[in-house]
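Structural characterization, general
Letter by letter, the chains look like this.
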Amino acid sequence: EHEVTTKVPHSEEVKTCHVCHGSGTVSCDRCGGSGSCTETDNDGNSRSVTCHSCNGSGRKTDPTCEGSGKLLWYKMLIAYF
């Protein structure tokens, strides 16, 4: 059995990103959206520091839509031979 997949012409549609809901950003996975992380030194002392992954904003660019907040959707045709 052979499978061929192709886009259906003229079926493109721009929709709001289902991951970020159109904002273009998602919660930082390192700090959980708080903007700060806990660091522990060699002596076991903990302190709160600005998250280096999101620079303290608690948000990062959504990799799904690359920050645009929108995605291009289209229908696919799958044919089996």
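The structure contained in this document is the topic of the report that follows. Throughout this description, residue numbers start from 1 for each chain and increase along the sequence as written. With the structure being a predicted model, the display of local features is reserved for residues of pLDDT at least 70 and the display and counting of side-chain atom pairs for 80 or more, all residues being used for whole-chain, interface and lining totals. Where side-chain values are given, they derive from all heavy atoms of the structure, hydrogens and water being excluded.

Quick notes on the pairing of strand β5 (residues 46–50)
With five bridges connecting them, strand β4 (residues 36–40) and β5 associate as antiparallel partners. Paired with T40 across the two strands is S46, which belongs to β5. We treat two strands as partners when DSSP finds at least two bridges between them. Secondary structure counts use DSSP, requiring at least four H or I residues in a row for a helix and at least two E residues in a row for a strand, with both numbered from the N terminus. Hairpin connection, β4 to β5: the antiparallel pair is bridged by five residues, and G44 has positive phi, about 90 degrees.

A closer look at the environment of D41
Among the secondary structure elements, D41 is positioned in the loop between β4 and β5. Considered as a pair, D41 and E13 are 28 residues apart in the sequence and their alpha carbons are 51 Å apart. Whenever two N or O atoms come within 3.5 Å, that pair is a polar contact, provided that in protein one can donate a hydrogen and the other can accept it, and provided that, for residues adjacent in sequence, both atoms are side-chain atoms. There is a polar contact of 3.0 Å between the side chain of D41 and the backbone nitrogen of D43. Engagement of the side chain of D41 in a polar contact is seen with the backbone nitrogen of N45, the distance being 2.8 Å.

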